[in-house]
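Remarks on the overall topology
Given next are the chains, with one letter for each unit.
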Amino acid sequence: MVKSPKSSKKGGKGSKPKQAVHMVHVNEHLNTSFTILSCDGVEFKTDGHTIKQSKILNLASKNLDQPTTPIQVDKVKGDTMKLLLEWMDQHKYDGPYISKSGPGLRLPTWDFRWLKELDNQQLFDLITATNDLQIKQLMDYSCKTVANMAKGKNPDELRQIFGILSDEEEAEIALYEPGPSNAK
């Protein structure tokens, strides 16, 4: 216990009556087991060390009435949640993350290989989920991966990589799509 000069005096001005101090174990939450429920009903078991990577999941876990109550994640599907939890579990004992986005960001080997194995749809779903669940480190790493994919590519190569249609392709598709119905 740290005492200020005023509080170390006995009696007199500035002294306070002694109160019982309730000690809360800071890491108690980290060792608790939690259930996460994805928007498509897939259930995952994890611990506080793992979910501390996400500001949203961490806050939700601390606000549960009981640790056995599932944390419902409304915007993330099971296959993406599985990827998120795999990444968060890999980093669960990392220290606090200091954002280093931009050209100076270097991906650790494990993260580089792991992100490289994802297909484009998985990567973009992961980016959306990291934004929704506020996982800053994974957001930086996955956006850096997309930036590396685009680096040095011309517009046609970018369309190919990211599945973007050209204006002509979009116009052709629009010809065959039914328009709004005028039937009453």
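Residues numbered from 1 in each chain as written. Predicted model: local features only at pLDDT ≥ 70, side-chain atom pairs only at ≥ 80, totals over all residues. Heavy atoms only, no water.

The cut-off we apply is this: UniProt positions are given in the numbering used here, feature names are shortened, and annotations may be inferred rather than shown by experiment.
Under the annotation held in an unreviewed UniProt entry, the chain carries the name SKP1 component dimerisation domain-containing protein and is attributed to Caenorhabditis remanei. The record in UniProt for the chain states the following under Sequence similarities (unreviewed entry): "Belongs to the SKP1 family."

A closer look at the nonpolar core
Generally speaking, nonpolar side chains in soluble globular proteins are found buried as a group. Cut-off, in case you're wondering: Residues belong to one nonpolar core when they are buried, are Ala, Val, Leu, Ile, Met, Phe, Trp, Tyr or Cys, and are joined through side-chain atoms within 4.5 Å. Relative accessible area decides the class of each residue, using a 1.4 Å probe on protein chains only: under 20% of the type maximum gives buried, over 50% gives exposed, and in between gives partly exposed. Put simply, DSSP marks the helices as runs of H or I at least four residues long and the strands as runs of E at least two long, and each gets a number from the N terminus on.
Among the nonpolar cores identified, the biggest contains 29 residues, and Ile 36, Met 81, Leu 84 and Leu 115 are the most heavily contacted of them. Where this core is concerned, the elements lending two or more residues are β1 (33-37), α3 (78-90), α4 (109-116), α5 (120-133) and α6 (136-150). The leading source of residues in this core is α3, at six residues.

Considerations on the sheet that holds β1
The line we're drawing: Strand pairing follows a simple DSSP-based rule, namely that at least 2 bridges must link the two strands.
The strand order β2-β1-β3 describes an open sheet built from three strands, whose pairing is mixed. The open sheet has two free edges, formed respectively by β2 (43-47) and β3 (71-72), since each of these has just one partner strand. Inspection of the sheet shows β1 paired to β3 by two bridges, in the parallel sense. In the sheet register, Ile 36 faces β3, and the bridge partner there is Ile 71.

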